[in-house]
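Residues per chain are reported as follows:
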Amino acid sequence: MASRLWASRAASYLRISTTFNRSFSTVLKDLKYADSHEWVKVEGSSATVGITDHAQDHLGDVVYVELPEVGAAVTQGGSFGAVESVKATSDINSPVSGKVVEVNEELSDSPGLVNGSPYENGWIIKVELSNADELKLLMDADKYSKFCEEEDAKH
C-alpha cells in the first residue's frame, strides 16, 4: 500500500497518469492454478482449494458460498459449488480430483473471507487427492499471471 502511495505521488510529481484498468492481483508462487481461476495447495495427498485473488476481484463482494458435503467426490474441471457476489453467481470448479474431506464452515457466516483472504482464511474445500498427475495440467504462478494479463487484455 505504501509503495502504491509513493508511486502515485511520484507519478503526480512527474505528471504521469496513474489510471489503471484494474488493481494487480496477488498470485502466490507455491500454488497451482486452473484456467477457471481456482487455486490448489498440495501437502502430501491433501489439497486445499479456493478461488484466486483475480477471481474474487472480478466478482466483487462475495455474499454467499455454496459448499459441497464432506465425502463428496470432485473431479478435475467439474463444478462442486458456487460463489454468489453482488455482481454475479459463478460456479467453482475443482482443479483436482478426489474426495472432499473438509469444507470451510466459516464461509457460511463470513463469505467475505473469500474477498479479504482468498489464499488463507477464504479457502473453500480440502480434498484427498485421487490422481496427483493431474497437477501437471495446472499452471504455475508465472503462467497464471500471464494468463490473467492476456485474459484482461481481451476485455
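Everything numeric in this text was worked out from a predicted model, so none of it was measured.

As for the nonpolar core
Right, so step 1: The biggest cluster of nonpolar side chains holds 25 residues, and the ones touching the most others in it are I51, V65, V96, I124 and I125.
Right, so step 2: Secondary-structure elements contributing two or more residues to this core are β3 (46-51), α2 (53-59), β4 (62-66), β6 (79-85), β8 (98-103) and β9 (125-129).
Right, so step 3: Beyond its immediate sequence surroundings of up to four residues, V96 is in contact with V40, A47, V74, T75, Q76, V127, L129, E134, L135 and L138.

Focus: the UniProt feature "modified residue: N6-lipoyllysine" (unreviewed entry) in the chain
Right, so step 1: Residues annotated by UniProt as "modified residue: N6-lipoyllysine" (unreviewed entry) correspond here to K87.
Right, so step 2: Within the secondary structure, K87 is located in the loop between β6 and β7 (89-93).
Right, so step 3: A relative accessible area of 59% places K87 in the exposed class.
Right, so step 4: From its side chain, K87 meets the backbone oxygen of H58 in a polar contact 3.5 Å long.

A word on the sheet that holds β9
Right, so step 1: Taken in spatial order, the six strands of this open sheet run β1-β2-β3-β9-β8-β5, and their pairing is antiparallel. In this open sheet, the two edge strands, each paired with only one partner strand, are β1 (32-33) and β5 (73-74).
Right, so step 2: With two bridges joining them, β5 and β8 adopt antiparallel strand pairing. Residue pairing for β8: V74 is matched across the bridge by G98.

Calculation rules
- Residues numbered from 1 in each chain as written.
- Predicted model: local features only at pLDDT ≥ 70, side-chain atom pairs only at ≥ 80, totals over all residues.
- Heavy atoms only, no water.
- Core = buried A, V, L, I, M, F, W, Y, C linked by side-chain atoms within 4.5 Å.
- Buried < 20%, exposed > 50% of the residue type's maximum accessible area, 1.4 Å probe, protein only.
- Helix = DSSP H or I, 4+ residues; strand = E, 2+ residues; numbered from the N terminus.
- Contact = heavy atoms within 4.5 Å.
- UniProt positions renumbered as here; feature names shortened; annotations may be inferred.
- Polar contact = N/O pair within 3.5 Å; in protein donor to acceptor, adjacent residues only side chain to side chain.
- Pairing = 2+ DSSP bridges.

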